[in-house]
Amino acid sequence: MVRLTMDLIAKTASHKNRNEEEFGQYLQKITHLNLSDKNIDSIGDLTFCKNLSVLYLYDNQISQIQNLDFASNITHLYLQNNCISSIENLSSLKKLEKLYLGGNFITIVEGLDKVGKLRELHIESQHLPLGEKLLFDPVSLNCLAKSLSVLNISNNNIDELEELAVLENLTYLKAVNNRLRHMKNLEVVLKKWTKLRRMDLTGNPICQKPKYKDRIIVQSPTLESLDGKEIQEMERRFLMNWKASRAARKKGNERMTDEHAACVQF
């Protein structure tokens, strides 16, 4: 196995033939570092890379998020397709905006209570124990409530979304191939997600419900795309008018019923 250290960077960097002083200066200036698919199993000391903003470590064998205290300038962290089972040691990443953790062994979304600027969280396709679903820590969700705008939770056996309603600035939800099946539960969160623009629920049982698309469009006036298909404004207006007409008829029927009951009583 391979440990991520300065020596590994030296072996892979274009500056490997320069002297130690020049390499040290290079490390201090570097902003992007791509060490994907290098069979890395652990993150060592990268203290000299203080200006690093984008770190690619996907497709490795990393089992633990560690030794990132130096990385106060990182905005993008790519750790998908590793062996990570816990989200931890991210409190120093004050500028982190995008976190990619798809294809790991994470069972609960936690440890994000200190990354208050996180805008995108990609945590799709976790290798979960048989019959279990991905869980969410309420503390982390509350801390992400105002910052998170993109969430990818596809392929995680998720059967309800109500706890995610706190994510008030969500603009894109991708929850493909889960176990969502209850329309009423979905309508509850759509009322809270007033900035939602795109949503993809392809492959969920809920997609087979009668008037599935119509009910979502009516419930979410900001939604522009559903399951990869653009929502036409004419379609939305028709459905909104239909809803208003239906509500008016229902109200009229209730009034007639009340009047009839009053006459009978009289």
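Position numbers for residues count from 1 along each chain, tracking the sequence in the order it is written. It should be noted that, the model being predicted, local features are given only for residues of pLDDT at least 70 and side-chain atom pairs only at 80 or more, the latter also being counted only at that level, while totals for whole chains, interfaces and linings use all residues. To obtain the side-chain values, all non-hydrogen atoms of the structure were included, while hydrogens and water were left out.

With respect to the pattern of salt bridges
And then number 1: Any Lys or Arg side-chain nitrogen found within 4 Å of a carboxyl oxygen on Asp or Glu counts as a salt bridge. Enumeration over the complete set of coordinates arrives at seven salt bridges.
And then number 2: One salt bridge connects Glu-97 with Arg-119, and the closest N-O pair in it is separated by 2.9 Å. In this pair, Glu-97 sits in the loop between strand 5 (76-78) and strand 6 (98-100) while Arg-119 sits in the loop between strand 7 (108-109) and strand 8 (120-122), placing the two residues 22 residues apart along the sequence.
And then number 3: Residue classification places Arg-119 among the partly exposed positions, given a relative accessible area of 34%.
And then number 4: Taking the shortest distance from any N to any O, the salt bridge between Arg-215 and Glu-187 comes out at 3.2 Å. Linking Arg-215 in helix 5 (residues 212-219) with Glu-187 in helix 4 (residues 183-192), this pair joins segments that are 28 residues apart in sequence.
And then number 5: Its relative accessible area of 34% is what places Arg-215 among the partly exposed residues. Only runs of H or I of at least four residues qualify as helices and only runs of E of at least two qualify as strands under DSSP, and these elements are numbered from the N terminus. The rule is simple: take the accessible area with a 1.4 Å probe, protein chains only, and divide by the maximum for that residue type; under 20% is buried, over 50% is exposed, in between is partly exposed.

A word on helix 4
Spacing of three or four residues puts side chains on the same side of an α-helix, whose turn is 3.6 residues.
And then number 1: Met-183, Asn-185, Leu-186, Glu-187, Val-189 and Leu-190 are the residues of helix 4 that are buried.
And then number 2: Here, residues are in contact when the closest pair of their heavy atoms is within 4.5 Å. Those residues of helix 4 that are buried lie in contact with strand 12 (198-200) and helix 5.

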